[in-house]
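Next come the chains, spelled out residue by residue.
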Amino acid sequence: MKSRNNRLFFIFIALTGSVIAVLGIVLGQLFPFYMESFFLKNDIPFTEQQIEQLKYQLAFILAILLVFSFLLIAYIANRLIKELLDPIEDIIHTARELIKGNYRARAYASGTATITELRKSINMLARNLQEIEKMRKVENERLKTLIENMGSAIMMIDREGTVSIANAQFLDEFQLSLNEVKGRNFLTLDLPKELELFIDHVFLTELPYRKQIEIERNNEKIYKQVYGAPVVGEHGRWLGIVIVMHDITELIRLEQIRKDFVANVSHELRTPITSIKGFSETLLDGAFEDEKMLLSFLEIIYQESYRLQMLIQDLLELSKIEQHGFMVQLAPTSLKDVLIRAVEVTSPKMDEKNMEFDVDIQRDVKVLGDENRLIQIFTNLIMNSITYSPNDTAITLRIKEDEKYGIVEVEDEGIGIEKSEIPRIFERFYRVDKARSRNSGGTGLGLAIVKHLVEAHRGKIEVESEVSKGTCMRVFIPLYKEN
């Protein structure tokens, strides 16, 4: 700003100086002729020496006058530039700062009433813009907080298909980072095909759309209620679409449990009750007179009543575990001791099928767990492996550990599980081989109890299986870390 004013001042001074210099040269050249003509016209006697001396005197006076005039003009020009141009330059600089987004900039120009009024207007504009910017930042923070803390996954896509907004829930849902998502086309994010088709539908129709989609992840089905709607700006300008996803997996699961519970429980209870009732009626009708038949029927009634008792016990146990606030008594626990106890409990059943244990325990691992509940977990898993394995096979038990968990693997050589059935094996009453597990006295609740107990320990359970080759149940329990 100052350099421009200085440049303008120097240009003006140069032009003025040039004009004065030319004027001085012209006057200096013309003055002797006028002076000589004046002396001759008025018959004034003069000598060459006098004229020459007078010429130098007048030239000196003329030079002083011209220099003084130049300095006076320079002073006046400098004052005018400071009074008029500097304030305007200051206001222009403030306006440019506002254009750049620096709303803290203010004009400090002084001068005429017009300049002062212009300065006040610019400063008022700057204050208003600063207030608007503050309000915009507050609103953006509120919107960001709202989006990030919603329990639903949100994604906004512009009209070119580029992702502009994705909250933490969405990123966690699909194991992505913000840098991997923002500014990229949604088709390049490797999203589930069902979700891509849903987004395409909203783009094509430009209308709100709601749909329940099913996503398979880690052999588990995830259900999402997805809502998509176009984003319309001013004057009806179409800006893109917004996608909101609600996880309804738990709701679907609970609804399915509610539907299946009555049917399953009534079926499971009806079978032993029908047997007990039927054989009791037969005995009452006179079959008790045949001692051999009496003993046979009483044995069946005893087995069915025992089965009924086990079913009720498992139902009560599962109900207790699923209650809100259920906690296990965590303490440092040896996985090796837990497995030894589980083997002792299940050995009689193993002997019936001429099976054996193959133990792979390189060293003991201590976890933070409830010893009795852990014994219950591994007893259930081993009994399950025995039930679904043929005679003369082995069950392998392994103990491992990683940075966070103690890991126990229970691997059998049984019938295996179809990949499509793996997500359902932890459901209540679900059986891979219904006839075999029912005939063996299974209630269909063992794995459901196991899963809840593992989760109560803040652990996890994984399943690997191949049909006709066997199944490996892998249980992760948090390690006990000494301080």
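Details of the structure are given in the entry above.
Description of the structure in this document. (Residues numbered from 1 in each chain as written. Predicted model: local features only at pLDDT ≥ 70, side-chain atom pairs only at ≥ 80, totals over all residues. Heavy atoms only, no water.)

Turning next to helix α6 (residues 193–205). Counted at 1.5 Å a residue, the expected span for α6 with its 13 residues is 18 Å, and the 18 Å between its end C-alpha atoms agrees. Of the surrounding elements, those touching the buried residues of α6 are β1 (153–158), β3 (209–217), β4 (220–232) and β5 (238–247). Glu206, located one to two residues past α6, shows a positive phi value of around 55 degrees. (Helix = DSSP H or I, 4+ residues; strand = E, 2+ residues; numbered from the N terminus. Expected span 1.5 Å × (residues − 1). Contact = heavy atoms within 4.5 Å.)

Here we come to a nonpolar patch on the surface. Together, Phe60, Ile61, Ile64 and Leu65 make up an exposed nonpolar region whose accessible area comes to about 410 Å². With respect to the secondary-structure elements, Ile61 resides in helix α2 (residues 48–100). Here Ile61 falls in the partly exposed class, since its relative accessible area comes to 46%. (Patch = residues over 30% accessible without salt bridge, like charges linked within 9 Å, V, L, I, M, F, W, Y side chains within 5 Å. Areas by Shrake-Rupley, 256 points an atom, 1.4 Å probe, with all protein chains shown as cover. Salt bridge = Lys/Arg side-chain N within 4 Å of Asp/Glu carboxyl O. Buried < 20%, exposed > 50% of the residue type's maximum accessible area, 1.4 Å probe, protein only.)

For the rest of this paragraph, the subject is the sheet that holds β5. Spatially, β2-β1-β5-β4-β3 is the arrangement adopted by the five strands of the open sheet, whose pairing is antiparallel. Pairing within the sheet leaves two strands with one partner each, and these edge strands are β2 (163–166) and β3. Averaged over all adjacent pairs, the angle separating strand axes in this sheet is 25 degrees, with direction ignored. Summarising the sheet, β4 and β5 pair through nine bridges and their orientation is antiparallel. Across the sheet, the residue bridging to Tyr227 is Val244, located in β5. (Pairing = 2+ DSSP bridges. Axes fitted to C-alpha atoms, helices over the stretch in contact; angles between N-to-C directions.)

Viewed as axis vectors pointing N to C, helix α9 (residues 335–352) and helix α10 (residues 371–387) meet at an angle of 40 degrees, and their least axial separation amounts to 9 Å. Taken as axis vectors, α9 and α10 run oblique relative to one another. Remark: the crossing between α9 and α10 carries right-handed chirality. Side by side, α9 and α10 meet where Leu335, Val338, Leu339, Arg341, Ala342, Val345, Thr346, Lys349 and Met350 of the first sit next to Glu371, Leu374, Ile375, Phe378, Thr379, Ile382, Met383 and Ile386 of the second. Grouping the constituent residues of the contact of α9 with α10 by class yields twelve nonpolar, two polar and three charged. (Parallel < 35°, antiparallel > 145°, perpendicular 65-115°, else oblique. Left-handed = near helix turned anticlockwise from the far one by under 90°. Nonpolar A, V, L, I, M, F, W, Y, C, P; charged D, E, K, R; others polar.)

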